[in-house]
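Topology and contacts: notes
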Amino acid sequence: ATTLDVTAIRKDFPILQRKVNGYPLVYLDNAATSQTPRQVIDVIVDYYSRYNANIHRGVHALSQEATDAYEQAREKIRSHFNAAHSHEIIFTSGTTEAINLVANGFSSLLAEGDEILVSAMEHHSNIVPWQMLCERNGAKLRVIPMNQQGELEMDTYREMLSGKTKLVFCNHISNALGTINPVEEIIRLAHDSGAAVLIDGAQAAPHLKADMQQLDVDFYTVSAHKLCGPTGVGMLYGKEEWLRKLPPYKGGGEMIAEVTFEKTTYADLPHKFEAGTPNIAGGIAFGAALDYLNAIGMEAIARYEQELLAYATQKLQEIEGLRIYGTAADKTSVISFNIDGIHPYDIGTLLDKMGIAVRTGHHCAQPIMDFYQIPGTVRASFCFYNSIEEIDRLVEGVKKAKDMLL
Ligand code: PMP
């Protein structure tokens, strides 16, 4: 018996009733985006049906209600991630925007010769903004290497840190390999040499609860769509002292205190970083998604997903010629694999014909594929609503695809 009542949970997700190519959908592309439970969909419908209005400026009832719900969501997010203050939670359109906001802000704080360290297993959204930043101000981007298992080489990291290091960027969990990085140690070591740290929590937030104060992290990013919320909304957590230091990223309404043509003064946190009308329904639904996860319990979710991971790993490994990339001791429910002599795209296409959704390709982490000298992988990523029966369908599907292609 498994540790979660998956049959009951699956009833919350309308999309899981769908058929694809004549088969009941097996959705195993959760690391790209997760599905949305009725409880979160209802919150979005309710917003547009009852109190759709612009926030923070209207005196009328609808605007007040929308503002209250949006700010309550901010407070839920603060509480979930245990930030010290709700004004340290900045609503963004997602992780990508959150990272760009920080990169843009650091542009004025870095000088030629300063160094930024990034891990070898970053998502492109955590590489490109820093490259753009370094091009602008002559800072140097250095890469913390990883080993064959897909674990960061911490000894090398220690040696790379110096007085020149101003920033360290690393994901909490790798989307391509599933590795859970030792972020606590990464942060502590960076702080010991005076560097700030941004942790990309896009893949971690659906699987574990990160505690901002315990981690003592400077910046942490999340996308709501990876944790059963809607697309187009996410958060940047930033320590108050850093958010005060960074200049605003976008100019516009909502982010100002006073505007004349001679000079503008900026609004206080968090509004300084929230120019323009935000994704109001999305922010409220982000809060509802956290409520949904917490009602199940993040620990129960993690425990069950580990069961799925162990079962799927064991079953897939029995297939001859199948190689799994990312075998870190500490990993989450992602399995990236290839079969000797078969292109990952071909496996993905055949699985789709059987109603099984996986991701194939480089997973926006081309440097990892270069490291293993492969064009890409097939990636199956599990969520707490996936069942053991679905893993069996995946394994059968992979076997069938292999027989057809070899
Ligand atoms: N970082 C990681 C580790 C990711 O997995 C993703 C999404 N695949 C992102 C960043 C980008 O997130 P978003 O597209 O929601 O901005």
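Going by the annotation in an unreviewed UniProt entry, the name recorded for the chain is Cysteine desulfurase, with Zeaxanthinibacter enoshimensis given as the source organism. Quoted straight from UniProt, the Cofactor (unreviewed entry) entry for the chain says "pyridoxal 5'-phosphate". What UniProt states about the chain under its Catalytic activity (unreviewed entry) heading is, verbatim, "(sulfur carrier)-H + L-cysteine = (sulfur carrier)-SH + L-alanine".

A few words now on the site of the ligand. With respect to spatial proximity, the complete set of residues near the ligand consists of Thr95, Thr96, His123, Ser125, Asn175, Asp200, Ala202, Gln203, Ser223, His225 and Lys226. In this structure, a nitrogen atom belonging to the ligand sits 2.5 Å away from a side-chain N or O atom of Asp200. Contact with the protein chains hides 85% of the accessible area of the ligand, taken as 400 Å² for the molecule alone. Counting atoms within 2 Å of the grid points, the majority share of the ligand lands in the largest pocket. Classifying every residue of the shell around the ligand by side-chain character gives one nonpolar, eight polar and two charged.

Right, let's get into the confidence of the model for the chain. Averaged over the chain, the pLDDT score is 95; the fraction of residues at 70 or greater is 100%. Listed scores for the predicted complex are pTM 0.97 and ipTM 0.98.

Under the counting rule described, the total for this entry stands at 17 salt bridges. The salt bridge partner of Glu71 is Arg74, with a shortest N-O separation of 2.8 Å. Here Glu71 pairs with Arg74, and both are found in helix α3 (residues 61–80), just three residues apart, close to one helical turn.

In this structure, the largest pocket spans a volume of roughly 270 Å³. By residue class, the composition of the lining of the largest pocket is six nonpolar, 14 polar and four charged. Taken together, Ile180, His207, Leu208, Lys209, Met298, Glu299, Ala302, Glu305, Gln306 and Thr332 make up the full set of residues lining the second largest pocket. Here the lining of the second largest pocket is composed, by residue class, of four nonpolar, three polar and three charged.

When a protein is soluble and globular, its nonpolar side chains tend to lie buried together. Ranked by size, the top nonpolar core spans 110 residues in total, and within it Tyr157, Val168, Tyr220, Phe286, Phe384 and Leu394 carry the most contacts. A total of 10 residues in this core trace back to one element, the largest contributor, which is helix α10 (residues 280–296). With near-sequence residues (within four places) excluded, Leu394 lies in contact with Leu28, Leu316, Leu351, Ile356, Val358, Ala380 and Phe382. Residues Ala98, Val118, Trp130 and Phe273 belong to the second largest nonpolar core, which totals 25 residues.

Counted under the stated rule, the structure contains one cavity of 30 Å³ or more. Volume-wise, the largest cavity comes out at about 70 Å³. Asn30, Ala31, Ser34, Gln203, Pro206, His207, Lys226, Ser333, Val334, Ser381, Phe382 and Cys383 together form the lining of the largest cavity. Residue classes in the lining of the largest cavity are distributed as five nonpolar, six polar and one charged.

Calculation criteria
Sequence order sets the numbering: in each chain, residues are counted from 1 along the sequence as written. The predicted nature of this model means local features are confined to residues of pLDDT at least 70 and side-chain atom pairs, given and counted, to a pLDDT of 80 or more, with totals for whole chains, interfaces and linings taken over all residues. Excluded from the side-chain calculations are hydrogens and water; all other atoms, namely the structure's heavy atoms, are used. UniProt positions are given in the numbering used here, feature names are shortened, and annotations may be inferred rather than shown by experiment. Only heavy atoms are used to decide nearness, and a residue is near a molecule or strand if one of them lies within 4 Å of it. We define a polar contact as two N or O atoms separated by no more than 3.5 Å, with the added condition that, inside protein, one atom must be a possible hydrogen donor and the other a possible acceptor, whereas residues neighbouring each other in sequence contribute only through side-chain atom pairs. Methods summary: accessible areas were calculated by the Shrake-Rupley approach with a probe of 1.4 Å, and residue burial reflects only the protein chains presented. Method remark: on a 1 Å grid restricted to protein atoms, a set of points is classed as a cavity if a 1.4 Å probe fits but cannot get out and as a pocket if it is open with protein on both sides within 12 Å along at least five of seven lines; lining residues have an atom within 4 Å of a point. For this analysis, a molecule is said to be in a pocket or cavity if more than half of its atoms are within 2 Å of the grid points defining it. Amino acids are sorted into nonpolar (Ala, Val, Leu, Ile, Met, Phe, Trp, Tyr, Cys and Pro), charged (Asp, Glu, Lys and Arg) and polar (every other residue, Gly among them). The predictor's confidence in any single residue is recorded as pLDDT, a number from 0 to 100. Salt bridges are defined as contacts in which a side-chain nitrogen from Lys or Arg sits within 4 Å of a carboxyl oxygen from Asp or Glu. The helix count covers DSSP runs of H or I at least four residues long, the strand count covers runs of E at least two residues long, and both are numbered beginning at the N terminus. Grid points are joined across faces, edges and corners, and a volume is the space filled by probe spheres set on the points. Definition of nonpolar core: a set of buried residues of the types Ala, Val, Leu, Ile, Met, Phe, Trp, Tyr and Cys, connected through side-chain atoms within 4.5 Å. In this scheme, a residue with accessible area under 20% of its type's maximum is buried, one over 50% is exposed, and one in between is partly exposed, where area comes from a 1.4 Å probe on protein chains only. Contact between two residues is taken to exist if any of their heavy atoms lie within 4.5 Å; hydrogens are not considered.

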